[in-house]
Amino acid sequence: MALPSTLKIGAGTPNLVTGGVLAAPLGTALPTNETTALNAAFKALGYVSEDGLEPQGERTVNTVKDWSTNVIAQLQTEHSSRFSLTLLAGWDSDVLTELYGASNVTVTAATSSSGTKIKVTENGAVLPFRSWIFDMAQDAKKLRLVLPNAKITEASERPFVAGDLTGYQITVEAFPDATGVKVIRYYDDGVFSA
């Protein structure tokens, strides 16, 4: 057994090269490691609050006992993979598209007399399944979480106040893809060989 090492610890700092949180349509080519350049269909979703990315998945089991109260089985009853975060780019059309659906967001390019205009229509349409990536790096360490088949299952808007940023608190649930995979985790501990 190896002794504890500071080489094996790390922080979940967003990878600023890729943007940290990205989404793309289902069927977009997925990365196959932690450094593969991402397909252009993946759109970065701007700043995330200082609370970062919170894994909320769980695994639960049902304990089965016999007549004499001996535990004779532990049967899995649930497994989920979900992540919560707060998106702060409230004026970003890519963020708004994820939250309201592509058919409900209209973008008009900036002109010499106005900035980019975004019209959002709220109609309660069910959001589509998408592919999501959470990309992190700290020094030479890297961690990339790939959710091949996921969707926003919870969303709430932050208050409109002068002393804080607008944004959206969301939960992204990972569902099994065609092969049963919910999340693929790619790690690089950043320790190079001599």
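Residues numbered from 1 in each chain as written. Predicted model: local features only at pLDDT ≥ 70, side-chain atom pairs only at ≥ 80, totals over all residues. Heavy atoms only, no water.

### Observations regarding the overall build of the protein chain
Then, number 1: In terms of regular secondary structure, the protein chain is built from one helix and eleven strands.
Then, number 2: When its helices and strands are written in sequence order, the protein chain yields β-β-β-β-β-α-β-β-β-β-β-β.
Then, number 3: With the C-alpha coordinates of the protein chain rotated into their principal frame, the extents come out at 75 × 55 × 40 Å.
Then, number 4: Considering only contacts within the protein chain whose residues lie at least 6 apart along the sequence, 60% involve residues at least 24 apart.
Then, number 5: Of the roughly 12200 Å² of accessible surface on the protein chain, a fraction of 55% belongs to carbon and sulfur atoms. (Helix = DSSP H or I, 4+ residues; strand = E, 2+ residues; numbered from the N terminus. Contact = heavy atoms within 4.5 Å. Areas by Shrake-Rupley, 256 points an atom, 1.4 Å probe, with all protein chains shown as cover.)

### Things to note about the packing of aromatic side chains
Then, number 1: Taken as a whole, this structure holds four aromatic pairs when the rule is applied.
Then, number 2: Residues Phe83 and Phe134 carry aromatic rings whose centres are separated by 5.3 Å and whose planes lie at 50 degrees to one another, so their mutual orientation is tilted. Here the residue Phe83 occupies a position in strand 5 (residues 71–87), and Phe134 occupies one in strand 8 (residues 130–138), the gap between them amounting to 51 residues. Exposure class is identical for Phe83 and Phe134. Each is buried.
Then, number 3: With a centroid separation of 6.2 Å and an interplanar angle of 40 degrees, the aromatic rings of Trp132 and Phe134 are classed as tilted.
Then, number 4: Assessed through its relative accessible area of 1%, Phe134 is described here as buried. (Phe/Tyr/Trp six-rings, centres within 6.5 Å; stacked < 30°, edge-to-face > 60°. Buried < 20%, exposed > 50% of the residue type's maximum accessible area, 1.4 Å probe, protein only.)

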